[in-house]
Amino acid sequence: MIRTSLRLYSSASVQITTIPKFAQRSTIFSLVQPTGKIHLGNYLGAIRNWKDISESSENEQENTFIFGLADLHALTLPNEASVLKRNRYEAIASIIAAGVDPEKCILYHQSSVPEHAELNWVLTCLTSMGLLSRMTTWKSKVFDSDNAAFGSSEQNMKAGLFCYPVLQSADILLYKSTHVPVGDDQSQHLELSRSLASSFNKQFKSDFFPLPTTLLTPTNKVLSLRNPTKKMSKSDLDQNSCIYINESPEVIQKKVRKATTDSIQGKITFDEVNRPGVSNLINIIAGLKRNSIDQTVEELSWITNHKELKDYICELLDTEFRDTRQYFEELTRNTTYLDKVCRLGSEKAREIASKNMREVKRLTGLD
Ligand code: AMP
């Protein structure tokens, strides 16, 4: 039996402040889970970045942009089939409505490329249980009783939740991705991808997989509006904690009004320890305005109370998502178009995936 020890590779992680220019023949890859609509964390932490990167004319030549829906990952939580089907449409519509242009990138569903599952198995056989049990996402699910994934005990939790970081590595490595734009909640999973790429290369005496660079988005992790010690998440049972990019201004306003702040009067200040709620709102404003936190605090110096801060953020959100909302409605009515986009995307993705998987099989002796 071959044992592989894995070490986490934390290097190759870059916080981007401007749109990077990629070397020719780079592959930029990222997926989001299709658990319904896209929330503000997904938008600021991933999707707006996909749009910016793939739209930059400097990056058009000879680079491949692959974005899409991690629908196999959605099975880690219980879902009605009809709900998942609807969520897949809503998520792809949200991504396009948020400005990601299917003409400029490959947009597809993970499940439509069977090679993801094939490579997942090869990598699962290289991954230690210890490493997976140290993943913070796993630990937060086991120990967080507010989380929808929480079972009665660790013993009852599904293996899919434990193993999905390996599938995520397979997603990335299947396309020999060089760069992965994600929010900082995904840093540890990207370290795992680099470890697995390195272990595979070592064990099968090749340099087949590049070690993918994490491109951390400029915005810090967006936190729950109700409990700013946790990240904003679709799976949060308290849906007032999470803003979706295609919600009506009235619903967004209601959620922002209910956002946790503090009892400190006067000027607003950024202090994640003593003022986590206010700091989260400042972070969201900084993200929306593409400004630094310091710049944002300075610009908000006219604000003297929480109500003014909340009014301001509602206005910003309304402006940012006015067109998105309308386009989203149009797209969800046009499922024929959405199907066509994903079919074309899958064909292109499959072409790359099957070629790489053939090579993995050759290297591992499976072919
Ligand atoms: P998920 O919805 O968990 O599949 O995440 C999809 C993408 O959104 C990943 O790149 C995450 O890093 C990013 N993301 C998800 N939640 C947040 C959050 N609360 N703050 C920032 N980025 C996030």
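Residues numbered from 1 in each chain as written. Predicted model: local features only at pLDDT ≥ 70, side-chain atom pairs only at ≥ 80, totals over all residues. Heavy atoms only, no water.

Chemist: So what about the overall build of the chain? Which residues, and what values?
Modeler: Helices and strands together make up the secondary structure of the chain, namely 13 helices and 6 strands. Relative to a compact globule of 367 residues, whose C-alpha radius of gyration would be 21 Å, the chain shows 21 Å and is just as compact. Each of the three principal axes of the chain carries a C-alpha extent, and together these read 65 × 45 × 40 Å. The buried share of the chain, reckoned over its 367 residues, is 53%. Across the chain, every contact between residues at least 6 apart in sequence was considered, and the portion connecting residues at least 24 apart equals 75%. (Helix = DSSP H or I, 4+ residues; strand = E, 2+ residues; numbered from the N terminus. Rg over C-alpha atoms; globule rule 2.2 N^0.38 Å. Buried < 20%, exposed > 50% of the residue type's maximum accessible area, 1.4 Å probe, protein only. Contact = heavy atoms within 4.5 Å.)

Chemist: I'd like to hear about the site of the ligand, residue by residue, with values.
Modeler: In the region of the ligand, 16 residues are neighbours, and Q33, G183, D185, V222 and M232 sit closest. Taking G41, its main chain carries an N or O atom lying 3.1 Å from a nitrogen atom of the ligand. The separation between an oxygen atom of the ligand and a polar side-chain atom of N42 is 3.0 Å. Contact with the protein chains covers 92% of the free accessible surface of the ligand, which is 480 Å². Among the elements that make up the shell around the ligand, the one with the highest residue count is helix α1 (residues 40–55) (4 residues). In terms of residue class, the shell around the ligand is made up of 5 nonpolar, 7 polar and 4 charged. (Near = heavy atom within 4 Å. Polar contact = N/O pair within 3.5 Å; in protein donor to acceptor, adjacent residues only side chain to side chain. Areas by Shrake-Rupley, 256 points an atom, 1.4 Å probe, with all protein chains shown as cover. Nonpolar A, V, L, I, M, F, W, Y, C, P; charged D, E, K, R; others polar.)

Chemist: Please set out the state of the cysteines residue by residue, giving values where relevant.
Modeler: Here the structure, examined in full by the defined rule, presents 0 disulfides. Counting only cysteine sulfurs, C163 is the nearest neighbor of C125, a cysteine outside any disulfide, at a range of 11 Å. Not part of a disulfide, C314 finds its nearest cysteine sulfur in C242, a span of 15 Å. Residue C314 is classed as buried on the basis of its relative accessible area, which comes to 9%. (Disulfide = S-S within 2.5 Å.)

Chemist: Tell me about unusual backbone geometry, and name the residues and values.
Modeler: Excluding glycine, most residues fall at negative phi; most peptide bonds, likewise, are trans. At R25, a position not held by glycine, the phi torsion is positive, near 65°. For R25, a relative accessible area of 64% puts it in the exposed group. With phi around 45°, K205 is a residue other than glycine that occupies positive phi space. On the secondary structure map, K205 appears in the loop between α8 (187–203) and β6 (213–216).

Chemist: I'd like to hear about the nonpolar core, residue by residue, with values.
Modeler: Ranked by internal contacts, the top residues of the largest apolar core, which has 59 residues, are I47, I95 and L317. Listed by contribution, the elements that provide at least two residues to this core are β2 (27–32), α1, β3 (64–69), α3 (81–97), α9 (249–257), α10 (276–289), α12 (306–333) and α13 (335–364). For this core, the leading source of residues is α12, giving 9 residues. Mapping this core onto the domain boundaries places at least three of its residues in each of domain 1 (2–222 + 334–364) and domain 2 (239–332). If near-sequence neighbours (up to four positions away) are discounted, L317 is found in contact with L40, I243, I252, V256 and L288. Formed by 39 residues, the second largest nonpolar core is a distinct cluster that contains F29, M135, L192 and A349. (Core = buried A, V, L, I, M, F, W, Y, C linked by side-chain atoms within 4.5 Å. Domains from an automatic or database assignment.)

Chemist: A description of the side chain of S94 should follow, citing residues and the corresponding values.
Modeler: With respect to the element layout, S94 can be found in helix α3. Among the polar contacts listed, one links the side chain of S94 to the backbone oxygen of E90, at a separation of 2.8 Å. If near-sequence neighbours (up to four positions away) are discounted, S94 is found in contact with K37, I38, I245, N246 and F328.

Chemist: Requested: an account of the packing of aromatic side chains, with residues and values cited.
Modeler: All chains considered together, the criterion is met by 9 aromatic pairs. Aromatic pair W138 and F162: ring centres 4.9 Å apart, planes at 75°, arrangement edge-to-face. With W138 in helix α6 (residues 136–143) and F162 in helix α7 (residues 159–174), this pair connects stretches of sequence that are 24 residues apart. Owing to a relative accessible area of 12%, F162 belongs among the buried residues under this scheme. Arranged with centres 5.8 Å apart and planes meeting at 80°, the rings of W302 and Y312 form a pair that is edge-to-face. Pair noted here: W302 is in the loop between α11 (293–299) and α12 and Y312 is in helix α12, with a separation of 10 residues, a long-range link. (Phe/Tyr/Trp six-rings, centres within 6.5 Å; stacked < 30°, edge-to-face > 60°.)

Chemist: Can you break down α1 residue by residue, with the values?
Modeler: The largest bend along α1 reaches roughly 35° and is located at A46. For α1, a buried count of 14 out of 16 residues is recorded, marking the element as mostly surrounded by other parts of the structure. (Bend = angle between axes of the 7 residues up to and from the residue.)

Chemist: Kindly report on the packing of α3 against α13, identifying the contributing residues and their values.
Modeler: Close contact between α3 and α13 brings their axes to 11 Å; oriented N to C, the two are set at 80°. When the axes of α3 and α13 are compared, the pair comes out roughly perpendicular. Counting all contacts with α3, which are made through Y89, I92, A93 and I96, the residues of α13 involved are T335, Y337, L338, D339, V341 and C342. Counted by class, the contact of α3 with α13 contains 8 nonpolar, 1 polar and 1 charged residues. (Axes fitted to C-alpha atoms, helices over the stretch in contact; angles between N-to-C directions. Parallel < 35°, antiparallel > 145°, perpendicular 65-115°, else oblique.)

Chemist: Break down the side chain of Q188 for me, with residues and values.
Modeler: Topologically, Q188 is positioned in helix α8. Once residues within four sequence positions are removed from consideration, Q188 is found in contact with R134, M135 and T136.

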